[in-house]
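So you can see what is in the structure, the chains are spelled out below.
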Amino acid sequence: MKPVRKAIFPVAGLGTRLLPATKTMPKEMLTIVDRPLIQYAVDEAREAGVEQLIFVTGRGKASLVDYFDMAYELERTLDDKGKDKHSLDPSRSGYGELVSVRQQQPLGLGHAIWCARHVTGDEPFAVLLPDDLMVGRPGALKQMVDAYEKLGGNIVCAQEVPADKTSSYGIVDPGMSDGHVTEVKGMVEKPDPADAPSRLGIVGRYILQPEVMEKLAAHETGAGGEIQLTDAMAKLIGTQPFHAIKVDAVRHDCGDKTGFVLANLALGMEDPAIAETIRAYLNR
Ligand code: G1P
């Protein structure tokens, strides 16, 4: 079984749910407490053993790639002033190799993933949707990689979603379950509640085998007229192992105003430097 060394970050989206903030700023650069959303996803991938980060970007997203370069001017200025450089790279994880590819047309998540096919080649890869901020220890992807080492094949991260929200998610048709692991018999993208095979919704973490790229190459459109990753994954079922796992992590949907504010509160409360002030304010 090949290890998961590569991760795709689809970051070409327009962030329309967060306008006007995203008018000139990528949504992935919006800050949760003291660092941009993208950094949480990148740190999570690095913790899980990912060596190569693949950003699928689009117009206006250059700052995302710049962010992961060394900032010489800042390093020098902080050095000259004798200031602590910890704030430049709070994770100190080192970022590994970064490759960026372009998604030149907004044809859907499946299309974005397909744009990275030449970089992933014949290796399995992870997909992290940075909007889905997953707070867990160890991180969500690390928990999935640990499961992958036993199960192989393809793994999606899943959570129970409210019955009236199935049309916002890819929904799993579940087979046998063993603890947190459920066999996947089928998958539907954004079904109406009446048609949903379960309430087990896919959240933004995946470990996939390279064959999914061949399925995506057909460029078939699905829900919303977009090329859907869920549809391509569904075609692998029966040919390769496919599981959904419930990780021990809290998900914040930061592509949405409420989720974004709640993520700031939740993570602010975990930061010893500011937690007390926030708690006192909320109590008041
Ligand atoms: C995407 C996927 C969907 C998944 C969701 C998780 O949808 O297409 O299957 O459940 O991410 O956040 P989007 O939120 O981009 O519409």
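Preceding this section is the structure that the text describes.
Residues numbered from 1 in each chain as written. Predicted model: local features only at pLDDT ≥ 70, side-chain atom pairs only at ≥ 80, totals over all residues. Heavy atoms only, no water.

A.B. asks: Would you explain the overall build of the chain in this entry?
C.D. replies: For the chain, the helix and strand inventory stands at 10 helices and 13 strands. At 19 Å, the chain has a C-alpha radius of gyration in line with the 19 Å of a compact globule built from 284 residues. Dimensions of the chain, computed from C-alpha atoms along their principal axes, come out at roughly 60 × 45 × 40 Å. A buried classification covers 49% of the 284 residues belonging to the chain. A separation of at least 24 residues holds for 75% of the contacts in the chain among residues at least 6 apart in sequence. Carbon and sulfur atoms make up 51% of the accessible area of the chain, which totals about 14200 Å². Taking the 32 positively charged and 40 negatively charged side chains of the chain as two groups, their mean positions are separated by 4 Å. (Helix = DSSP H or I, 4+ residues; strand = E, 2+ residues; numbered from the N terminus. Rg over C-alpha atoms; globule rule 2.2 N^0.38 Å. Buried < 20%, exposed > 50% of the residue type's maximum accessible area, 1.4 Å probe, protein only. Contact = heavy atoms within 4.5 Å. Areas by Shrake-Rupley, 256 points an atom, 1.4 Å probe, with all protein chains shown as cover. Lys, Arg positive; Asp, Glu negative; His and termini not counted. Charge placed at Lys NZ, Arg CZ, Asp CG, Glu CD.)

A.B. asks: How should the site of the ligand be read in this particular structure?
C.D. replies: Taken together, Leu109, Leu129, Asp132, Tyr169, Gly170, Glu189, Lys190, Ile202, Tyr206, Gln228, Thr230 and Arg251 make up the full set of residues near the ligand. Here an oxygen atom of the ligand and a side-chain polar atom of Glu189 are 2.7 Å apart. In this structure, Lys190 approaches the ligand through a side-chain N or O atom, which is 2.7 Å from an oxygen atom. Against a free-state accessible area of 380 Å², the protein chains account for coverage of 76% of the ligand. Taken together, the residues of the shell around the ligand break down into 5 nonpolar, 3 polar and 4 charged. (Near = heavy atom within 4 Å. Polar contact = N/O pair within 3.5 Å; in protein donor to acceptor, adjacent residues only side chain to side chain. Nonpolar A, V, L, I, M, F, W, Y, C, P; charged D, E, K, R; others polar.)

A.B. asks: Help me out: how do you make sense of the pattern of salt bridges in this one?
C.D. replies: Where charged atoms from two side chains of opposite charge come close, those side chains can pair. In total, this model carries 16 salt bridges according to the counting rule given. Glu270 is the partner of Arg137 in a salt bridge, and the nearest nitrogen-oxygen pair spans 3.0 Å. You can see Arg137 sitting in the loop between strand 7 (132-135) and helix 6 (140-151) and its partner Glu270 sitting in the loop between helix 9 (257-268) and helix 10 (275-283), a full 133 residues away along the chain. Classification of Arg137 as exposed rests on a relative accessible area of 71%. Close ionic contact of Arg279 with Glu276 constitutes a salt bridge, the shortest N to O distance being 3.1 Å. Here Glu276 and Arg279 lie together in helix 10, a separation of 3 residues that amounts to about one turn. Among the charged side chains, a network of salt bridges with common partners joins Arg5, Glu51 and Glu123. (Salt bridge = Lys/Arg side-chain N within 4 Å of Asp/Glu carboxyl O.)

A.B. asks: Quick question: what am I supposed to make of the nonpolar core here?
C.D. replies: Taken as a class, soluble globular proteins show a tendency for nonpolar side chains to be buried jointly. Judged by nonpolar contacts, the single largest core of 36 residues is most densely connected at Phe9, Ile38, Phe55 and Leu141. Those elements giving two or more residues to this core turn out to be strand 1 (6-10), helix 1 (37-47), strand 4 (52-57), strand 6 (125-128), helix 6, strand 8 (154-160) and strand 11 (200-208). Contact partners of Ile38, with chain neighbours within four places excluded, come to Phe9, Val11, Glu28, Met29, Phe55, Leu64, Phe68 and Pro130. (Core = buried A, V, L, I, M, F, W, Y, C linked by side-chain atoms within 4.5 Å.)

A.B. asks: Is there a simple way to think about helix 6 in this case?
C.D. replies: Along an α-helix, a turn takes 3.6 residues, which lines up residues three or four apart on a common side. Here helix 6 is 12 residues long and its end C-alpha atoms lie 16 Å apart, about the 16 Å a rise of 1.5 Å per residue gives. Check the buried side of helix 6 and you find it contacts helix 1, strand 6, strand 7, strand 8, strand 11 and strand 12 (242-245). Among the residues trailing helix 6, Gly152 stands out with phi positive, at a value near 65 degrees. (Expected span 1.5 Å × (residues − 1).)

A.B. asks: Explanation requested: the environment of Glu47 in the structure shown.
C.D. replies: With respect to the helices and strands, Glu47 occurs in helix 1. Excluding residues within four positions of it along the chain, Glu47 makes contact with Pro138, Gly139 and Lys142. There is a polar contact of 3.1 Å between the side chain of Glu47 and the backbone nitrogen of Gly139.

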